[in-house]
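Breakdown of the fold
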Amino acid sequence: MVHPQVKALRRRRSLKRAALVLVAVAFAALIMGLPSVAIFARAFSEGIGVYASGLLEPETLHAIKLTVITALIALPVNIAFGICAAWAVTRFRFPGRRVLITIIELPFSISPIVAGLCYLLVYGSTGLVGSYADQYGIQLMFNLTGIVLVSLFVTCPFVAREVIPLMEVAGRDQEEAALTLGANGWQTFLHVTLPNIRWALLYGAILANARVIGEFGAVSVVSGNIRGETMTLPLQVQLLYDDYNVTGAFAAATILTVIAVITLILRSAIESRHPQAH
Amino acid sequence: MTFIMPTATRRANRSVMPGFGLTLGTTLLFVALIILLPLSALFWQLGQLGFADYWRIITNPRTLAAFRVTISAAALATVFNACFGLLLAWVIVRYKFPGKRLLDALIDLPFALPTAVAGIALVALYDRNGWMGMLLSDFGIKIAYTWWGIALAMTFTSVPFGVRTVQPVMESLSLDLEEAAQTLGATDFQVFRHIVFPQVFPSFIMGASLAFARSLGEFGAVIFIAGNMPFKTEIASLLIMIRLDEYDFPAASAIAGTVLALALLVLILANIAQNRAARHMSRGG
């Protein structure tokens, strides 16, 4: 038998909880859910035919191609860098180790526009490295190279940030055992380290991929905005929107939204199966 | 805690673990070319400018107006997200309800969604013909192409910081203290105010400053909904872009350097505050 006063207390508490949950869900739906729904509503507002023709415009297709190429170049470099950095930082102690970790994290706190500007100052045709390359007829900015370079900047912390804590916690014992048993460095890495960090690696790569595909500010500074040539998909969205081709802009935006949703699904799948990857 | 190992052990390390030269060399080369060189170029450019010119650019009325708009909107977005983040984290950690996993996944949407897409989505919702825009215009409220639109866009892009920094700490809280307080007759609000909040405070500060730093530099989500009117709804990032289009590198660098310095300052202060709070708690119990 539960005392009636306790019962009343419980009911009041569960009412309070329900109210809090309701407020939280309502805010989340309003601030984050509704905009994503609006993208699809606007994209399909003139029928599926207009939507499809918006997607199949040559300039939009070219933007998709450019975005994919950028991701295909930037991502492997990013993964390789992340592994190298994690190995150097967690397997050895050297002066300046902490500073190095901080520097690797730095791009997260830098505004994309500021990052783009920094790249123009160095790699632009009047810049420190750019003017040197210019003498040999090599242009580094306002083309694919520039887009890849800034993409590397904005995404370089992603993989390293996931892998470093994991390798730090795992310690060196397993690798040292493999090495004393006669494995060489590469064998040790492939058969001992890689299996341990593979989920964290994948996790970081998925987030980095989303950022490469979606980067807007930094890319718009260094891409030169050449119509049909150096427009990645997010830039193309803006171009179409400014051209008053609103349906085309939203059609292109749906692709990016779908990629974002897939990213979130993959991410939470990895998180629930391999909690240590996070 | 890190100790610098004595030379003997370090040498021993190196002989067992291979790849020190290769991995550190690659890392340093990459960090130098991709991160440090571009950043130092900004400082070099600022050095070329000299303080008098820098000051003239920064105190230009249009620049000052852009800073005022950016900082005030970022501040509102940060305050909102800090409180909202606390609520969301609390609800996700403590309560069970249908759709919880969906809510949990939705929180990261602003990180996964490209900012340009977020920008046009917000315009689609809040301009005259949008669902929310129509609804709000009945009450005489205008959000798109005003200062409020800027704050809204900044709020959208920085939601995850408010939640994700506080959430793990809330998960790790033990219930003993809260239950003790409740049996002694404390109300829910008192429990939150005196027991839960002090414990999550360091991460609360960290989340808020990350959100603020992000909002300061936000560009894609904001420019679509801002209206971009000089002196009224022009943000600092946009002004950098405009100066770049005019090939005015010194002015762009001066504004960019200020934005960067402000963001770093906020993060450094937050780090110090977080360390202090953590030390204070471990001492005071």
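The written sequence of each chain sets the order in which its residues are numbered from 1. Labels follow written order: the first chain is A, the first ligand is 1, and so on. Reporting of local features is limited, given that this is a predicted model, to residues whose pLDDT is at least 70; pairs of side-chain atoms are given and counted only at 80 or more, and all residues count toward the totals for whole chains, interfaces and linings. Side-chain numbers here rest on the full set of heavy atoms in the structure, without hydrogens or water.

**Structural notes on the domain arrangement of chain A**
Residue and element names in this part refer to chain A. This is how the line gets drawn: Annotation comment: domain bounds sourced from an automatic or database domain assignment. Throughout, a residue-residue contact means that at least one pair of heavy atoms, one from each residue, lies within 4.5 Å. Summed over both partners, the accessible area (1.4 Å probe) lost when two parts come together is defined as the buried area. When a carboxyl oxygen of Asp or Glu lies within 4 Å of a side-chain nitrogen of Lys or Arg, that pair is called a salt bridge. Within 3.5 Å is the distance limit for a polar contact, defined as a pair of N or O atoms, with the added protein rule that one can donate a hydrogen and the other accept it, and that residues adjacent in sequence qualify only through two side-chain atoms. Just so you know the grouping, Ala, Val, Leu, Ile, Met, Phe, Trp, Tyr, Cys and Pro go in nonpolar, Asp, Glu, Lys and Arg go in charged, and all remaining residues, Gly too, go in polar.
Entries for chain A in the domain assignment read domain 1 (1–43) and domain 2 (48–277). One C-alpha centre belongs to domain 1, the other to domain 2, and the line joining them spans 37 Å. The interface is formed by four residues belonging to domain 1 together with nine residues belonging to domain 2. Contact between domain 1 and domain 2 buries roughly 580 Å² in total, counting both sides, with carbon and sulfur atoms accounting for 83%. On the surface where domain 1 and domain 2 come into contact, there are zero salt bridges. Applying the counting criterion to the domain 1 and domain 2 interface returns zero residue pairs in polar contact (both at pLDDT 80 or more). Residues belonging to the side of domain 1 that touches domain 2 are distributed by class as follows: three nonpolar, no polar and one charged.

**What about the pattern of salt bridges?**
Rules: Only DSSP runs of H or I reaching four residues or more are called helices, and only runs of E reaching two or more are called strands; each is numbered from the N terminus. Type-normalised accessible area, obtained with a 1.4 Å probe on protein chains alone, sets the label of each residue: buried when under 20%, exposed when over 50%, and partly exposed for intermediate values.
Inspection of the entire model under this criterion finds 18 salt bridges over all chains. Across the pair Lys16 of chain A and Asp188 of chain B runs a salt bridge, and its minimum N-O distance is 3.5 Å. Here the residue Lys16 of chain A occupies a position in helix H1 (residues 4–43), and Asp188 of chain B occupies one in helix H11 (residues 188–217), the pair thus bridging two chains. On the basis of relative accessible area, Asp188 of chain B is assigned to the partly exposed category, the value being 27%. Between Arg91 of chain A and Glu175 of chain A there is a salt bridge, with the nearest N and O atoms lying 2.7 Å from each other. With Arg91 of chain A in helix H3 (residues 58–91) and Glu175 of chain A in helix H8 (residues 173–180), the pair connects residues that are 84 residues apart, well separated along the chain. Across the pair, Glu175 of chain A and Arg91 of chain A agree in class, each one buried. Taken together, the shared-partner salt bridges in this structure form one network comprising Arg267 and Glu271 of chain A together with Asp104, Asp108 and Arg164 of chain B.

**What about the UniProt feature "transmembrane region" (unreviewed entry) in chain A?**
Residues and elements named next belong to chain A. The condition that has to hold: UniProt positions are given in the numbering used here, feature names are shortened, and annotations may be inferred rather than shown by experiment.
On the UniProt side, "transmembrane region" (unreviewed entry) is annotated at positions that read residues 20–44, 64–87, 99–124, 136–160, 200–226 and 246–266 here. Across residues 20–44 one finds 96% helix and 0% strand; the C-alpha atoms that close the span lie 35 Å apart. Between the end C-alpha atoms of residues 64–87 the distance is 34 Å, and the span holds 100% helix and 0% strand.

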